[in-house]
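# Residue-level structural notes
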Amino acid sequence: MEQSLKETIRQDPKKILGVNPLDAKVSLSYLTVAFVSLLIGGILGLVQGLERAGLIDLPSWLNYYQVLTAHGLLLLLVFTATFSIGYLYANLSHALGGLLPKVRKFAWVGFVLMIIGVAMAVTMIVLNEASVLYTFYPPLAAHPIFYIGLVFVVLGIWACCAGVFINYRHWRKNHPGQVTPLLAYFTMAVFVLWFFATIGVTIEVFTLIPWSMGLVETTNVMVGRTLFWWFGHTLVNIWYLVAISAWYVFVPKIIGGRHFSDKLIRLVVILVVVLNIPGGFHHQIIDPAISQSIKFLHVFMSLSIAVPSLMTAFAMFAVFERTGRKLGGKGLLGWLKKLPWGDVRFLAPMIAMISFIFGGAGGIVNTSNQLNQVIHNTMWVVGHFHITVGVSVVLTFFGICYWLIPYLAKRKLTPKMNKLGIIQTVIWTVGMIIMSGSMHIVGLLGDPRRTSDTTYGGHEAAAGWIPFEMLFAVGATLLLIGVIIQVYAVFNMMFFAPKGLTEYPVAEPEDDATPAPMWTERWGLWIVLLLAVVAMAYVVPIVDMILNAPPGSPPIRTW
Amino acid sequence: MKLAKYGLVLYLFLALPPVANLLESIMIVHMHMQMPLLIASGFLMGRFFQLKFPRFFEKWNSNGVPGIILFIIVWSYWMIPRAMDEAITIQAVEIFKFISLPLLAGVPLRDSWKKLASVGKDITFVYFILMFLIMGWIYIGSESQVCNNYLLVEQKTVGFGSLAIAACIIIYLLQLIFIDQSEFDEVQKD
Ligand code: HEM
Ligand SMILES: [Cu+2]
């Protein structure tokens, strides 16, 4: 590691010093918010775990659904969004040789807008005016300020999108005939998705605001749910793209190899961007008001995402094997031993990738109509997304921290910190296996999600769930320890680690690799295709939901 | 030639009775998915015909104009509600649909598009934008059923779908105009 660092400095100093201090500050601010949210969200997670197991009783001023709303919103939205924005802006700056001053301003405006928005939403949750869970499905109605806060968050995200698009166009204009660096390409793709993802939910929120204020009497529940999942599902694929950007670009370098074919990587990105949005319907398999044949057609939509996933799996294992063999691995699986398992920058994303196999298999269960009937709204689903987001995505993010943060703070990853990172990764993995594993099983037995008390008066079917719920609490305790270690590590690397230079581990292409073709840069075309796919998927159900709508629902407060 | 084979596979898949029935059971899928896919299958298979009958295409479609006119006429014909209705009720018309869309629309499109001058392409785009806008207007506005086989609500859906397609084509053209297309040329400038 030490040697390759020196080499890089000699050959290409910009690789080391690519992100300038002003840009680093932007990214570090986003990352700070991310890890503060993780800490709070993690504590709330443990509270939920203990409450479900019946080990604690929440005081009368704090109810389970308040906690669950905050946990969902802080982790699912705030943590993942701020982390990915901080990380991607660093990538953009590194890949394009610094952000334009104008773009940096956009990033700061976005930051402030998001903070205001989150503060508004969280305040309403704390005041018990918005226990609507992170999905805020109507007819559950929160205080209008909660929705207005969400609008601010979206505006913040749009400011970040604008920044990325401006910097991208600027670079393209000045580099005719060249493809953008891979990292910038990923960043562009993610922000294109952010932009189109948030359109659906913005329309929804703008219909909910007057309704929650009492200016409009009723709202169309089905349209609301559909627009929410337009966003919600796309958010999932935003994480997915962020995670695979690290798998494709950084992991190969960390293990001492080269990245896979540039063209294939970009093809995966394009497929995810174009095909993704309509997958949202797989969250509505049980919803009435969507006809059976439409649901059937959508199975293809959501399974089509398996294609880029399988391409990714193939590419990653090819890189591992190639690198392992180059390092002297022999036999069928000998190359596995040659991988740097003791390096947290590798171990964390590697476990993330392995867990994605299980997450993906569970996802296929969820998206299959008949199987969904069994697991819908049970703890299985909670188990599923703690594996996918909680491990595949979050562990990748954690792994990124161990080089990104020292790099940005101009400090070093010490061997001691590396060891702590390994311990953290193991604790997190074990905690999630226990918690998520028991959630999967008890879900199959019928234990409902989003329910604070599931004893049902001591009914024997419900009694069978209790041992599993105890396991949630065990897993949750481990996970909170993991959260604390991670947050400690992040702030230690940000402020206290020894000063020094850290490498930005960007993998190079193979020597004989052909450069990616220029047509991959046709974002105008990809966006039109994205819109066409959205039109194909949404016109039928939405027109049906609006023209054949039932009377609509007034706002309802269940708490 | 590999693409031509894919085209044939796509064509056969679309012709399977359960697939055809499912796609035709929803009006907008029938019009805006099954039919374009049939055209696409012909487009893919076009290569086969180009290689098999090069002289024919050279003679009759040297500048691409006759081909694109044929394409426009055939596809527009299938946008007529009566034509769709009959495809469902009369077996012979259904067969005609499965022959005309790939062979008389897809294949000529394949042969013509590269040969067309940019004016020809622009006119084609504008024609389709107008057609979809007008269709959207008619199908959304009409208060009576224009197809015996489909409900009023499905008809309105087709209207909105047509508007969406028109919007996509417009956005596509706008980005062609506003983004310098030479940016995407492969040649490396030195
Ligand atoms: C300390 C670690 C964590 C613990 C102990 C934990 C625990 C839990 C528990 C017990 C539930 C409640 C299930 C229910 O009643 O339906 C839950 C829900 C949830 N968790 Fe976590 N979790 C943790 C980390 C995460 C992370 C890292 C994420 C995402 C990045 C996440 C996202 C969610 C979401 C979205 C829900 C569903 C909220 C809802 O149904 O409205 N959790 N979690
Ligand atoms: Cu989804």
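Please refer to the structure higher up on the page.
Residues numbered from 1 in each chain as written. Chains lettered and ligands numbered in written order. Predicted model: local features only at pLDDT ≥ 70, side-chain atom pairs only at ≥ 80, totals over all residues. Heavy atoms only, no water.

## Details of the packing of helix α5 (residues 101-126) of chain A against helix α6 (residues 144-174) of chain A
All names here are of chain A.
- Where α5 meets α6, the closest approach of the two axes is 7 Å, and the angle between their N-to-C directions is 165 degrees. Classified by the angle their axes make, α5 and α6 are roughly antiparallel. Note on packing geometry: the crossing formed by α5 with α6 is left-handed.
- In the contact of α5 with α6, the residues fall into 22 nonpolar, six polar and one charged. (Axes fitted to C-alpha atoms, helices over the stretch in contact; angles between N-to-C directions. Helix = DSSP H or I, 4+ residues; strand = E, 2+ residues; numbered from the N terminus. Parallel < 35°, antiparallel > 145°, perpendicular 65-115°, else oblique. Left-handed = near helix turned anticlockwise from the far one by under 90°. Nonpolar A, V, L, I, M, F, W, Y, C, P; charged D, E, K, R; others polar.)

## Comments concerning the coordination of the iron atom of ligand 1
Residue and element names in this part refer to chain A.
- For the iron atom of ligand 1, the full set of protein donor atoms is H71 (NE2) and H386 (NE2), and the range of their distances to it is 2.0 to 2.1 Å.
- For the iron atom of ligand 1, the six donor atoms in the first shell make angles of 86 to 179 degrees at the metal, so the coordination geometry reads as octahedral. In this pair, H71 sits in helix α4 (residues 64-96) while H386 sits in helix α16 (residues 379-409), placing the two residues 315 residues apart along the sequence.
- Judged by relative accessible area, which is 13%, H71 ranks as buried.
- Of the residues examined, H386 reaches a relative accessible area of 14% and is grouped as buried. (Donors = N, O, S within 2.8 Å, 3.2 Å for Na, K, Ca; no water. Tetrahedral: all angles 85-135°; square planar, octahedral: opposite > 155°, others 65-115°. Buried < 20%, exposed > 50% of the residue type's maximum accessible area, 1.4 Å probe, protein only.)

## A word on the site of ligand 1
Residues and elements named next belong to chain A.
- In the neighbourhood of ligand 1, 27 residues make up the surrounding shell, with Y64, H71, H386, R449 and R450 lying closest.
- For ligand 1, an oxygen atom lies 3.0 Å from a polar atom in the side chain of R52.
- Here ligand 1 is seated within the largest cavity.
- For the shell around ligand 1, the elements supplying multiple residues, two or more each, are α3 (21-52), α4, α16, α17 (415-444) and α19 (466-495). (Near = heavy atom within 4 Å. Polar contact = N/O pair within 3.5 Å; in protein donor to acceptor, adjacent residues only side chain to side chain. 1 Å grid on protein atoms, 1.4 Å probe; cavity = no way out; pocket = protein on both sides within 12 Å on 5 of 7 lines; lining within 4 Å. Sits in = over half its atoms within 2 Å of the grid points.)

## Remarks on empty space enclosed by the protein
Residue and element names in this part refer to chain A.
- Taken as a whole and assessed by the stated rule, the structure comprises five cavities of 30 Å³ or more.
- Estimates place the volume of the largest cavity at around 670 Å³.
- Lining the largest cavity are 34 residues, and of these Q48, H71, L75, F385 and H386 lie nearest its centre.
- Those elements giving two or more residues to the lining of the largest cavity turn out to be α3, α4, α16, α17 and α19.
- Per-class residue counts for the lining of the largest cavity are 23 nonpolar, eight polar and three charged. (Points joined across faces, edges and corners; volume = space filled by probe spheres on them.)

## Considering the packing of α4(A) against α16(A)
Residues and elements named next belong to chain A.
- It is the contact of α4 with α16, at a shortest axis distance of 11 Å, that shows an interaxial angle of 40 degrees. Between α4 and α16, the angle falls in the class oblique. Like other packed secondary-structure pairs, α4 and α16 cross with a definite hand, here left-handed. On the side of α4, the interface is formed by H71, F79, T80, F83, Y87, A90 and H94, while α16 contributes H386, V394, F397, F398, I400, C401, W403, L404, Y407 and L408.
- Of the residues contributing to the contact of α4 with α16, the split by class is 13 nonpolar, four polar and no charged. (Contact = heavy atoms within 4.5 Å.)

## Observations regarding the interface of chain B and chain A
- Between chain B and chain A, the contact holds 24 residues from the first and 25 residues from the second.
- Between chain B and chain A lies a buried interface of about 2,100 Å² when both sides are counted; carbon and sulfur atoms form 73% of it.
- On the chain B side of the contact with chain A, C168(B), E183(B) and F184(B) bury the most area, a combined 27% of that side's loss.
- Across the contact surface, chain B and chain A share zero salt bridges.
- Applying the counting criterion to the chain B and chain A interface returns zero residue pairs in polar contact (both at pLDDT 80 or more).
- Where the side of chain B that touches chain A is concerned, the elements lending two or more residues are α3 (27-52) and α9 (152-178) of chain B.
- Its residues assigned to classes, the side of chain B that touches chain A comprises 14 nonpolar, five polar and five charged. (Buried area = accessible area lost by both parts, 1.4 Å probe. Salt bridge = Lys/Arg side-chain N within 4 Å of Asp/Glu carboxyl O.)

## Let's talk about the pattern of salt bridges
- Under the criterion given, the structure shown has 18 salt bridges over all chains.
- Residue E143(B) is joined to K156(B) by a salt bridge in which the shortest nitrogen-to-oxygen separation is 4.0 Å. Here the residue E143(B) occupies a position in the loop between α8 (118-141) and α9, and K156(B) occupies one in helix α9, the gap between them amounting to 13 residues.
- Taking relative accessible area as the criterion, K156(B) reaches 15% and is therefore assigned buried.
- Salt bridges sharing common partners tie together R172(A), D262(A), R266(A) and E521(A).

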